[in-house]
Amino acid sequence: MIRIEHIGIAVKDLEKAEEVYARLLGTGSYKREAVESEGVITSFFKTGPNKIELLESTRPDGPIAKAIEKRGEGIHHIAFEVADIRAEMARLKAEGFSLLNDEPKRGADNKLVCFVHPKSANGVLVELCQEIGV
Ligand code: ZN
C-alpha cells in the first residue's frame with residue numbers, strides 16, 4: 001500500500017454536504033462524478049496530497065443508502081492507493097481477508113477499485129485503488 005488516497009464520507013444531500021466541506025476545508029469541490037454501477041454520485045475535495053470523497057446514493061437500495069440507514073451519515077471507507085491492485089488483492093486473500101469483489105471494478109476518479117469486507121478489517125470498509133493508465 002502506498003498511502004491513504006482518500007476518505008469516503010456517506011452523505012444524504014450532496015449539495016448541502018459540499019457546502020459544509022467547502023467551508024470546513026477552505027476550498028470547494030473540484031469535481032463531481034457519477035458511478036452508475038455503485039449507484040452513487042461522488043464529489044471530490046483536495047486537502048494537500050489527500051482527498052475527501054463525498055458520496056450520495058442515487059437509489060434507495062444502493063450501498064450508500066444502506067450504510068446511512070444502518071449507521072447514519074459519516075465516514076464510509078478509507079481508500080489506499082496501490083501500485084498493482086491484482087497483486088494486492090492476491091496478497092490480502094492469502095492473508096485471510098475477504099474481498100467484496102473478485103475482480104477490480106471501475107471506480108470514480110479514473111481508478112480500478114476493490115473493497116475489503118469490514119468484518120475482516122475491524123469494522124472498517126477498506127478500498128484499494130489503482131490509478132488507471134499508470
Ligand atoms: Zn472511495
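Here, every reference points to the structure presented above.
Presented here is a report on the structure given in the accompanying data block. Note that the structure is predicted; figures quoted are calculated from it, not measured.

The sheet built from eight strands is open, its strands ordered β2-β3-β4-β1-β5-β8-β7-β6 with mixed pairing. Edge positions in the sheet fall to β2 (31-35) and β6 (105-106), since each of these pairs with one other strand and no more. Relative to the sheet, helix α1 (residues 14-25) contacts β1 (3-11), β2, β3 (40-47) and β4 (50-57), its axis offset from that of β3 by approximately 5°. Sitting on the sheet, helix α2 (residues 63-71) is in contact with β1, β3, β4 and β5 (74-81), with an inclination near 90° to β4.

With that settled, consider the side chain of T42. Position of T42 relative to the elements: it lies in strand β3. Take T42: its relative accessible area is 1%, and that puts it in the buried class. Residue contacts for T42: discarding those within four places in its chain leaves L14, K31, R32, E33, E53, L54, L55 and A108.

The rules we used
Residues numbered from 1 in each chain as written. Predicted model: local features only at pLDDT ≥ 70, side-chain atom pairs only at ≥ 80, totals over all residues. Heavy atoms only, no water. Pairing = 2+ DSSP bridges. Helix = DSSP H or I, 4+ residues; strand = E, 2+ residues; numbered from the N terminus. Contact = heavy atoms within 4.5 Å. Axes fitted to C-alpha atoms, helices over the stretch in contact; angles between N-to-C directions. Buried < 20%, exposed > 50% of the residue type's maximum accessible area, 1.4 Å probe, protein only.

It is worth stressing that arrangement in space is one thing and function is another; only the former is reported here.
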